[in-house]
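Coordinate analysis (summary)
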Amino acid sequence: MKALLVLVFSLLVTATSANAAQTELEWYGHSAFKLTTPSGKVLLIDPWITNPANKHGKADLAALTRVDLILISHGHFDHVGDAVAIAKTTGAKLVSTFDLGKALTTYAGYPKAQAGFDTQGNVGGEISVLDGEVKIAFIPAIHSSAIMDENGKDLHQGGNPGGFLIMVKNGPTIYHTGDTDLFNDMRLITQFHKVDVMLACIGDHFTMGPDRAALATKLVAPRIVIPMHYGTFPILNGTPAEFKAALAKDGVKSKLVVMQPDETLKF
Ligand SMILES: [Zn+2]
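The text that follows walks through the structure, step by step, so that each part is easy to find.

Rules used in this analysis
- Position numbers for residues count from 1 along each chain, tracking the sequence in the order it is written.
- Totals for whole chains, interfaces and linings use every residue, but because this is a predicted model, local features are given only for residues with pLDDT of at least 70 and side-chain atom pairs only at 80 or more, for both listing and counting.
- Side-chain measures were taken over the full set of non-hydrogen atoms in the model, leaving aside hydrogen atoms and water.
- Each helix is a run of H or I in the DSSP string that is no shorter than four residues. Each strand is a run of E no shorter than two, and both are numbered from the N terminus.
- Each radius of gyration reported is based on C-alpha atoms, and the globular scaling rule is 2.2 Å times the count of residues to the power 0.38.
- We call a residue buried when its accessible area falls under 20% of the maximum for its residue type, exposed when it is over 50%, and partly exposed in between, using a 1.4 Å probe and counting protein chains only.
- Whether two residues are in contact is decided by their heavy atoms: any pair within 4.5 Å suffices.
- Two strands are counted as paired when DSSP detects at least two bridges linking them.
- Orientation is described by lines fitted to C-alpha atoms, with helices fitted over the stretch in contact, and by angles between N-to-C directions that extend from 0 to 180 degrees.
- Coordination partners: N, O, S within 2.8 Å of the metal, 3.2 Å for Na, K and Ca; water not considered, so apparent gaps in a site are possible.
- Angular criteria define each label, namely tetrahedral for four donors with all angles between 85 and 135 degrees, square planar for four and octahedral for six donors with opposite donors over 155 degrees apart and remaining angles between 65 and 115, and irregular for whatever fails these tests.
- Residues forming no salt bridge and having over 30% relative accessible area are the ones grouped into patches, like charges within 9 Å of each other and nonpolar side chains (Val, Leu, Ile, Met, Phe, Trp, Tyr) within 5 Å.
- We get accessible surface area from the Shrake-Rupley algorithm with a probe of 1.4 Å; when it comes to residues, only the shown protein chains can shield them.
- Throughout this description, the term salt bridge denotes a Lys or Arg side-chain nitrogen within 4 Å of a carboxyl oxygen of Asp or Glu.
- The criterion for an aromatic pair is that two Phe, Tyr or Trp rings (for Trp, the six-membered ring) have centres within 6.5 Å, with stacked assigned to planes under 30 degrees apart, edge-to-face to planes over 60 apart and tilted to the rest.

Within the chain, the secondary structure is distributed over 7 helices and 17 strands. Against the 2.2 N^0.38 benchmark of 18 Å for 267 residues, the chain shows a C-alpha radius of gyration of 17 Å, consistent with a compact globule. Overall size of the chain, expressed as C-alpha extent along the three principal axes, is 45 × 45 × 40 Å. The burial tally for the chain puts 57% of its 267 residues in the buried class. The contacts of the chain with a sequence gap of at least 6 include a subset with a gap of at least 24, amounting to 66%.

Right, here's the structure in full:
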């Protein structure tokens, strides 16, 4: 049994009455999250559920009996994670760029019938999914995106990497950065949408570290920022403490919330 620590934020006071269903966000460690909408639909983002930071990875994976959508930001193994196994047991559709979808179905075993045009897109576009309860915008990222095939040996082109802006009806708008460096155009996201929650990579080495992530947070100006993609391996050595200090140094007003693996927030 996993221990659930539930924190409640009165993020959307106007949209959330005492009895209204809420949006739940669970972190599995690394960049893997589960989002449950007010109507009970389940989205996974970069579902490496069995990552080394998650002590309950196998149990968490077995508990995923309902998944409607799997969002994958780019082709690296620490983001594709357990997606193929979950897709096969749940029928979850793949949300990714067209190129990554093609690569995942061709080389990694993601079921083709669950990766159609209805859930595939590309940067600049927004798609409406789950009967209009969720909209997803494809956001660029500065990174790379090769994928390994099923035998774990050969690398294939996986299109361009990205992040996601996930807009939940009667819930929060969440920006998952994927793996990226800081880039100045992050500020353009706010020209179209107010970001409530930013899930920001801070681990350094393969992505932006705490200092650059703090500046990214300043550009996006979310109400809450949650660090991810750190501590999973020793080389991902950016820390929430360093991130907190960098946010303060830059005068960033966003509230820092540091989650633990298996923790769930409600909005
Ligand atoms: Zn990564």
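Now, onward.
Strand order in the open sheet made by the 7 strands is β8-β9-β12-β13-β14-β15-β16, with mixed pairing throughout. On the outer flanks of this sheet lie β8 (126-129) and β16 (255-256), each paired with one strand and no other. As defined by bridge partners, strand β15 (residues 224-228) adjoins β16 across 2 bridges and the pair is classed as parallel. Paired with isoleucine 224 across the strands is lysine 255, a residue of β16. Where helix α6 (residues 210-220) meets the sheet, it contacts β13 (173-176), β14 (197-201) and β15, and its direction lies at approximately 155° from that of β14.

In the first shell of the zinc ion, the protein supplies Asp78 (OD), His79 (NE2), Asp179 (OD) and His229 (NE2), at 2.1 to 2.2 Å from the metal. What the 4 donor atoms of the zinc ion show is an angle range of 88 to 171° at the metal, which sorts the shape as irregular. Mapped onto the sequence, the residues coordinating the zinc ion show the spacing D-H-x99-D-x49-H. Within this pair, whereas histidine 79 is found in helix α2 (residues 77-80), its partner aspartate 179 is found in the loop between β13 and α5 (186-192), the two being separated by 100 residues in sequence. One exposure class covers both histidine 79 and aspartate 179, and it is buried.

A contiguous nonpolar patch, built from Phe77, Met148 and Leu155 and spanning about 310 Å² of accessible area, is present on the exposed surface. Within the element layout of this structure, phenylalanine 77 appears in helix α2. Since its relative accessible area comes to 48%, phenylalanine 77 is described here as partly exposed.

Extensive coverage of strand β6 (residues 93-97) is indicated by the burial of 4 of its 5 residues. Direction of pairing for strand β5 (residues 69-71) relative to β6: parallel, over a ladder of 3 bridges. Along β6, the bridge assignment pairs leucine 71 with valine 95. Pairing of β6 with strand β7 (residues 120-121), which is carried by 2 bridges, proceeds in the parallel orientation. Within β7, the residue paired with serine 96 across the bridge is glutamine 120.

Turning our attention to the packing of aromatic side chains. This structure, assessed with the given rule, holds 6 aromatic pairs. Seen in terms of ring centroids, tryptophan 48 and phenylalanine 77 are 5.5 Å apart; in terms of plane orientation they differ by 80°. Their pairing is edge-to-face. Taken together, the residues tryptophan 48 in the loop between β4 (42-45) and α1 (57-63) and phenylalanine 77 in helix α2 connect sequence positions 29 residues apart. Seen from their ring centres, phenylalanine 98 and phenylalanine 117 are 5.9 Å apart, and the 20° between their planes marks the pair as stacked. Here the residue phenylalanine 98 occupies a position in helix α4 (residues 98-107), and phenylalanine 117 occupies one in the loop between α4 and β7, the gap between them amounting to 19 residues. Look at phenylalanine 98 and you get partly exposed, because its relative accessible area is 41%. Classification of phenylalanine 117 as exposed rests on a relative accessible area of 70%. Here a set of aromatic residues connected by ring pairs shows up, and it is made of Trp27, Phe33 and Tyr230.

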